[in-house]
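Structural features, examined
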Amino acid sequence: IVATEADSQKPYLVFLQGGPGNEAPRPTTPVGGSTWLARALEEFQGVMFDQRGTGKSSPIGSVEGRITGLDAVGDDPADIAEALSHYRADSIVEDAEILREALGVDTWSLLGQSFGGFTALRYVSAHSKSLDEVYFTGGLPAVDTDPVTVYARTWEGMKRKSEQYYRAFPGDREKLSHLIDLADSDDGIALPGGARATKERIRLLGHFLGASDGPEKLHYLLDQDLTSAAFRHDLAAALPFSGRNPLYAIIHESCWADGGVTEWAARRAMPDDVQADPTLLAGEHAGPESLTEDPELAPFAEVAELVAKREWPRLYDVDALRAAEVRGGAAVYFEDAYVPAELSLATAELLGGVKPWVTNEYEHNGLRADGYRVLDRLISLARG
């Protein structure tokens, strides 16, 4: 999808969506709005790129217990796991290169949000000569770092955010504790569609705390009658790993794997005090129960175990990153729940042409919350 004016000669800016497993957003906001797209269209044509396995790019899912979107692969879990090993940033970048050549342009620019930033960094590593400018928002990943180290840092961040939340909403710890008691009984809370929410899935409600408006949304969720149908529908919609975008659960940890094996790194990194206190919430800390307790994800459960045991190739070439001449800017959110700022800043040191902007004005969703200003600031940084 290209967002542009008729007969525009402006250069292309490719938007790389977060996730993995989410298609690019479909633009609906008027150009005169305050979104990042409004700012981008002042001097770019915007390319909304559906990464493989999403949107118009053969979306992967399950329908009536059968995996869809991988018909040519067959039903063997090992074959499906092998196929999904080609859905990371390295493969997405090669897809983008094919699209760039098809559009007949020598170079274009990138805007990577969250996982989209991971993909953009791979692009710089593999094809920097194809790029004019590159912008990262909450998406400068760690390089040559064990995912367990990354998740250990994000657990500490989520502990702080959990306690900040309970100070803001003092009664909500008791409400959440009651909800966890319900989830611990009778094999979990029954949700619409046949899914169940057990203690570790309830903990994932902490993903709300990674967004600027998230604490209020979590508070309003917990303020409902926990026995009502409305609450159960809203709870199902609030859980971050679902059948709508199964790749998010299946290959999420592999996005951090700059070599090595992930093997449920987030669960292995869980601190003892978090294990003992389920009111200390999680962010993007996927565990196997996210697949086994949801009938739409259950067909992928064995596949996910095989993916977790896979030895991954390196994603980034440090020498290539240092040598890249592409200019750009990176929004590094000081209290980012998902991408630790200190690891992002270490990566920024490898990119001589990319200037970091470290801020606590925004959470991980800064591009969505105040997109025009965020992108405008990054463009100004990149161009001096």
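Here the residue numbering is sequential within each chain, running from 1 through the sequence in written order. Local features in a predicted model are, by the rule used here, given only for residues with pLDDT of at least 70; side-chain atom pairs are given and counted only at 80 or more, and totals for whole chains, interfaces and linings are based on all residues. Only hydrogens and water are set aside; all other atoms, that is, all heavy atoms of the structure, feed into the side-chain values.

Considerations on the overall build of the protein
- Check the secondary structure of the protein and you find 18 helices and eleven strands.
- On C-alpha atoms alone, the protein measures out to a radius of gyration of 21 Å, which is about the 21 Å that the 2.2 N^0.38 rule sets for 384 residues.
- For the protein, the C-alpha atoms occupy an extent of roughly 60 × 50 × 40 Å along the three principal directions.
- Three labels apply to residues, based on accessible area from a 1.4 Å probe with only protein chains included: buried if under 20% of the type maximum, exposed if over 50%, partly exposed otherwise in between. Counting over 384 residues, the protein shows a buried share of 56%.
- For this analysis, residues touch if any pair of their heavy atoms sits within 4.5 Å. Sequence separation of 24 or more characterises 77% of the internal contacts of the protein that already satisfy a separation of 6 or more.
- Under the convention used here, a 1.4 Å probe and the Shrake-Rupley method define accessible areas, while residue burial counts only the protein chains that appear. When the accessible surface of the protein is totalled, it reaches about 15,900 Å², and 49% of it is carbon and sulfur.
- In this tally, Asp and Glu contribute negative charge and Lys and Arg positive charge; neither His nor the terminal groups of the chain are included. Note on charges: their place is set at NZ of Lys, CZ of Arg, CG of Asp or CD of Glu. Mean positive and mean negative side-chain charge positions of the protein (36 and 61 charges, respectively) differ by 3 Å. Strands are runs of DSSP state E lasting at least 2 residues, helices are runs of H or I lasting at least 4, and numbering of each runs from the N terminus. The quantity called the radius of gyration is restricted to C-alpha atoms. Its globule counterpart is 2.2 Å times the number of residues to the power 0.38.

Here we look at the packing of helix α5 (residues 147–168) against helix α6 (residues 172–184)
- Where α5 meets α6, the axes come as close as 8 Å, and the angle between the chain directions of the two elements is 115°. Side by side, α5 and α6 meet where Glu163, Tyr165 and Tyr166 of the first sit next to Asp172, Arg173 and Leu176 of the second.
- In the scheme used here, Gly and all other residues not listed as nonpolar or charged are polar, with Ala, Val, Leu, Ile, Met, Phe, Trp, Tyr, Cys and Pro taken as nonpolar and Asp, Glu, Lys and Arg as charged. Looking at the contact of α5 with α6 residue by residue, the classes come out as three nonpolar, no polar and three charged. Note on definitions: angles span 0 to 180 degrees between N-to-C directions of axes, and those axes are lines fitted to C-alpha atoms, for helices only across the stretch in contact.

So, empty space enclosed by the protein
- As defined here, a cavity is a set of points on a 1 Å grid over the protein atoms alone where a 1.4 Å probe fits but cannot get out. A pocket is an open set with protein on both sides within 12 Å along at least five of seven lines, and residues line them when an atom is within 4 Å of a point. Grid points are joined across faces, edges and corners, and a volume is the space filled by probe spheres set on the points. Using the criterion set out here, one finds four cavities of 30 Å³ or more in the structure.
- In this model, the largest cavity occupies a volume close to 90 Å³.
- Considering the residues around the largest cavity, the lining is formed by Gly19, Pro20, Ser114, Phe115, Phe118, His252, Cys255, Trp256, Glu284, Tyr338 and Val339.
- Split by residue class, the lining of the largest cavity holds seven nonpolar, three polar and one charged.
- Of the volumes computed, that of the second largest cavity is approximately 70 Å³.
- Looking at the second largest cavity, the residues that line it are Ala249, Ile250, Ile251, His252, Glu253, Ser254, Thr262, Trp264, Ala286, Ala304, Val307 and Ala308.
- At the level of elements, α10 (247–250) and α14 (301–308) are the ones that each hand at least two residues to the lining of the second largest cavity.
- The dominant element in the lining of the second largest cavity, judged by the number of residues it contributes, is α14, at three residues.

Points about the pairing of strand β6 (residues 108–113)
- Of all six residues that make up β6, six are buried, and the element is covered over most of its length.
- If DSSP finds at least two bridges between two strands, the strands pair. Alignment of β6 against strand β7 (residues 131–137), held across five bridges, turns out to be parallel. Bridge assignment links Gly112 to a residue of β7, and that residue is Phe136.
- In this fold, β6 hands off to helix α4 (residues 115–127), which returns the chain to β7; that crossover is right-handed. For crossovers, right-handed means that the path from the first strand over the helix to the second runs clockwise, given strands pointing away from the viewer.

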